[in-house]
Amino acid sequence: NAGVTQTPKFQVLKTGQSMTLQCAQDMNHEYMSWYRQDPGMGLRLIHYSVGAGITDQGEVPNGYNVSRSTTEDFPLRLLSAAPSQTSVYFCASSYRPGGNTEAFFGQGTRLTVV
Amino acid sequence: TQLLEQSPQFLSIQEGENLTVYCNSSSVFSSLQWYRQEPGEGPVLLVTVVTGGEVKKLKRLTFQFGDARKDSSLHITAAQPGDTGLYLCAGDGEYGNKLVFGAGTILRVKS
């Protein structure tokens with residue numbers, strides 16, 4: 001009963017490095033999203049996808065890329081890491097029973113950029 | 001832009017006390033959800049409220065959706081140390097799947 005699986009759980013990057021955060025879900029949900037969580041700011045939407053091949057920007061997309069080649073996977077790429085991207089990143093998959101979104105989150109990736 | 005404001009930001013209480021967390025907006029939401037997050041984990045959905053004026057109970061937790069669907073509250077009766085965590089409200093607004101989150105309320109229940 002995996003749900004949403006994120007890897008890695010922790011990562012330290014040097015400024016300018018690139019990396020990909022992995023996210024996979026086994027619930028066959030159409031919708032997937034990436035959020036970042038910073039102290040006192042709740043969860044802010046980075047990018048989201050409403051299905052394979054379809055992605056769009058959220059509230060804070062700069063510095064991040066996504067793709068959705070399959071229903072299950074939704075990786076988040078940091079192109080050139082900056083200290084401002086130090087945060088905890090959450091992937092979520094969601095569905096809309098009765099028209100209202102219910103989201104399921106992974107355990108998060110704690111990223112530090114030095 | 002739809003915003004959700006949560007209050008208080010931080011709450012530290014003794015075991016057995018009651019508390020209420022508020023989630024307010026100037027925008028109308030088609031539904032509001034409450035999530036609970038423990039350290040090192042992702043948020044977990046507690047409840048979804050859909051109808052204006054709706055009240056839902058989950059054991060000692062009572063959730064209410066405002067009549068105008070702009071605000072919600074979470075009331076915990078006889079709090080226990082196991083209730084400690086970050087409580088987040090989220091609105092399902094005009095963009096469907098794009099949830100809007102409040103900043104969260106950190107609850108600490110001391111035994």
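Let us look at the structure shown here. (Residues numbered from 1 in each chain as written. Chains lettered and ligands numbered in written order. Predicted model: local features only at pLDDT ≥ 70, side-chain atom pairs only at ≥ 80, totals over all residues. Heavy atoms only, no water.)

Helix and strand counts for chain A stand at zero helices and 11 strands. The order of α-helices and β-strands along chain A, N terminus first, is β-β-β-β-β-β-β-β-β-β-β. The C-alpha radius of gyration computed for chain A amounts to 13 Å, which stays within 12% of the reference 13 Å derived for 114 residues, consistent with globular compactness. Viewed in the frame of its principal axes, chain A has a C-alpha envelope of about 45 × 30 × 25 Å. Looking at the 114 residues of chain A, the share that counts as buried comes to 48%. The long-range share in chain A, meaning contacts at least 24 apart out of those at least 6 apart in sequence, stands at 52%. (Helix = DSSP H or I, 4+ residues; strand = E, 2+ residues; numbered from the N terminus. Rg over C-alpha atoms; globule rule 2.2 N^0.38 Å. Buried < 20%, exposed > 50% of the residue type's maximum accessible area, 1.4 Å probe, protein only. Contact = heavy atoms within 4.5 Å.)

Taken together, the contacts link 24 residues of chain A with 22 residues of chain B. The junction of chain A with chain B conceals about 1,700 Å² of combined surface from both sides, 50% of it contributed by carbon and sulfur atoms. Among the residues of chain A in contact with chain B, Leu43, Asn100 and Thr101 of chain A are the three that bury the most area, contributing 27% of the side total. Taken together, the connections running from chain A to chain B amount to one salt bridge. (Buried area = accessible area lost by both parts, 1.4 Å probe. Salt bridge = Lys/Arg side-chain N within 4 Å of Asp/Glu carboxyl O.)

Moving on to the sheet that holds strand 1 (residues 5-7) of chain B. Residues and elements named next belong to chain B. Taken in spatial order, the five strands line up as 1-3-8-7-6 in an open sheet, and their pairing is antiparallel. Each end of this open sheet is capped by a strand with a single partner; those strands are strand 1 and strand 6 (55-58). Taken pair by pair, the neighbouring strands of this sheet meet at an average axis angle of 15 degrees, ignoring direction. Here strand 7 (residues 61-65) runs beside strand 8 (residues 71-76); their pairing, made up of five bridges, is antiparallel. Looking at the pairing, Phe65 lines up with Ser72 of strand 8. (Pairing = 2+ DSSP bridges. Axes fitted to C-alpha atoms, helices over the stretch in contact; angles between N-to-C directions.)

Scanning the model with the defined rule gives two disulfides over all chains in all. The disulfide partner of Cys23 of chain A is Cys91 of chain A, and the gap between their sulfur atoms is 1.9 Å. Judged by the torsion about the S-S bond (-70 degrees), the Cys23 of chain A/Cys91 of chain A disulfide is left-handed. Placement of Cys23 of chain A in strand 3 (residues 19-25) and of Cys91 of chain A in strand 9 (residues 87-95) is noted, with a sequence separation of 68 residues between them. Accessibility classification places Cys23 of chain A together with Cys91 of chain A in one group, the buried group. The disulfide partner of Cys23 of chain B is Cys89 of chain B, and the gap between their sulfur atoms is 2.0 Å. Around the S-S axis, the bridge from Cys23 of chain B to Cys89 of chain B shows a dihedral of about 75 degrees and counts as right-handed. Of this pair, Cys23 of chain B sits in strand 3 (residues 19-24) while Cys89 of chain B sits in strand 9 (residues 85-92), and the two are 66 residues apart along the sequence. The buried category is assigned to Cys23 of chain B, whose relative accessible area is 0%. (Disulfide = S-S within 2.5 Å.)

Glancing now at the sheet that holds strand 8 (residues 76-78) of chain A. Residues and elements named next belong to chain A. Spatial strand order, 1-3-8-7: four strands in an open sheet with antiparallel pairing. The two strands at the open ends of the sheet, each matched to only one other strand, are strand 1 (4-7) and strand 7 (64-66). Ignoring which end each strand starts from, the neighbouring axes of this sheet average 20 degrees apart. Sheet topology places strand 1 next to strand 3; four bridges connect them, and they run antiparallel. Residue pairing across strands places Gln6 opposite Cys23, the latter belonging to strand 3.

Attention shifts here to the nonpolar core. Side chains of a nonpolar character, in soluble globular proteins, are inclined to be buried together. Residue and element names in this part refer to chain B. Counting residues in hydrophobic clusters, the biggest one holds 22 residues, and the most contacted among them are Ile13, Leu19, Trp34, Phe63, Leu74, Ile76 and Leu107. If you list the elements that add at least two residues to this core, you get strand 2 (10-14), strand 3, strand 4 (31-37), strand 5 (44-49), strand 7, strand 8, strand 9 and strand 11 (105-110). In contact with Ile76, other than residues within four places in its own chain, are Glu17, Asn18, Leu19, Arg60, Leu61, Asp83, Tyr87 and Leu107. (Core = buried A, V, L, I, M, F, W, Y, C linked by side-chain atoms within 4.5 Å.)

Another point: the environment of Lys70 of chain B. All names here are of chain B. On the secondary structure map, Lys70 appears in the loop between strand 7 and strand 8. In sequence terms Lys70 and Ser25 are 45 residues apart; their C-alpha atoms lie 5.3 Å from each other. Filtering out sequence-adjacent residues up to four positions away, Lys70 remains in contact with Cys23, Asn24, Ser25, Ser26, Ser27, Val28 and Phe65.

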